[in-house]
Amino acid sequence: ISIIKKDGFLYSGTLNDKFQRDGYGLEIFSNGDKYLGQFDSDLRAEKGIYYFSPVKNSEQENSENVHTECYLGQWNSNLKNRNGIYIWMDQPVNNYEYENANFDSFVGEFEEEKFLRGTYMSKSNNHYYIYHGNFSKDGKKNDNNAYSYYSKNNKIFHGQIQNDALKSGFMGAFDDEGDAITEIVYCKFNEDGSVNDVMEEKQLNEEDIEEEKKNMVNFRSVIFDVDYFEKIYNKFNKIKIKIDRLEDMVRVLETAENIS
């Protein structure tokens, strides 16, 4: 285990015979960002966590909230690649309660830093938005078989989404308990997002409708029966605590007086 200190970052971890970061280690950057994970010949590789330094939320005037981000997953040549979780978190300073936090997260596949396919989840003022499907190369939701759900109106969409916009598909409304679909229609949308055409349930094939209702209920239950939102929030805070503790240990070891 070695410590390397240069302008811009401090590294504590293993090295190869060329004195490159190789194996497992912790990077601490001068801006407060941290990386904990594996390296291959000086490059982030395999599995690792990148934690961005918290900053005050400049979008909200007089806000005491801080914003930070973190990525937990696989890497290839310094790039986020394959399976991972990315989390954007806004929460009050020193008030780490789930109810007070707003956050977004993506769980799924990455390809060279870009979302490829997975589930995007957002919590804002205790309302939830969920999208499951593919993404285009410019990061927009793009799938002919996508699901999206918004808790504020308790409605779910299943169908075609292009460039973040609904195109055509089934729209279902849940009952208050979320156990059944009370109403379902088939919609087509204009470019501006307004509804172009609606086919009511009585105009649609009965077998298709029953299958859609079943799939919609299953999709919602997968998310809320386990409460992945709270799991992701807890994961974020565990990462923060773990990295802060490791940083404290490295800071103690980096000075000759303390080592001696």
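Calculation criteria
Residues numbered from 1 in each chain as written. Predicted model: local features only at pLDDT ≥ 70, side-chain atom pairs only at ≥ 80, totals over all residues. Heavy atoms only, no water. Helix = DSSP H or I, 4+ residues; strand = E, 2+ residues; numbered from the N terminus. Buried < 20%, exposed > 50% of the residue type's maximum accessible area, 1.4 Å probe, protein only. Patch = residues over 30% accessible without salt bridge, like charges linked within 9 Å, V, L, I, M, F, W, Y side chains within 5 Å. Areas by Shrake-Rupley, 256 points an atom, 1.4 Å probe, with all protein chains shown as cover. Salt bridge = Lys/Arg side-chain N within 4 Å of Asp/Glu carboxyl O. Lys, Arg positive; Asp, Glu negative; His and termini not counted. Polar contact = N/O pair within 3.5 Å; in protein donor to acceptor, adjacent residues only side chain to side chain. Contact = heavy atoms within 4.5 Å.

*Asks:* Which residues make up the environment of Arg 82, and what values go with them?
*Replies:* Relative to the helices and strands, Arg 82 is located in strand E8 (residues 79-92). With relative accessibility at 52%, the residue Arg 82 sits in the exposed group. The spacing of Arg 82 and Glu 109 is 27 residues in sequence and 4.9 Å in space, taken between C-alpha atoms.

*Asks:* Go over a nonpolar patch on the surface, please, and point to the residues and values.
*Replies:* A cluster of nonpolar residues, Ile 3, Val 252 and Leu 253, forms a patch on the protein surface that exposes about 240 Å² of accessible area. Among the structural elements, Val 252 can be located in helix H2 (residues 228-253). In this structure Val 252 comes out as partly exposed when scored by relative accessible area, which is 47%.

*Asks:* Please give an account of the side chain of Lys 123 that cites residues and values.
*Replies:* For Lys 123, the location among the structural elements is in strand E10 (residues 114-124). Here Lys 123 occupies a buried position and makes no salt bridge, while the nearest side chain of opposite charge, Glu 99, is found at 7.2 Å. A polar side-chain atom of Lys 123 sits 3.2 Å from the main-chain carbonyl oxygen of Tyr 98. A polar side-chain atom of Lys 123 sits 3.2 Å from a polar atom in the side chain of Asn 126. The contacts of Lys 123, once residues within four sequence positions are left out, are Tyr 98, Glu 99, Ala 101, Asn 102, Phe 103, Tyr 128 and Phe 229.

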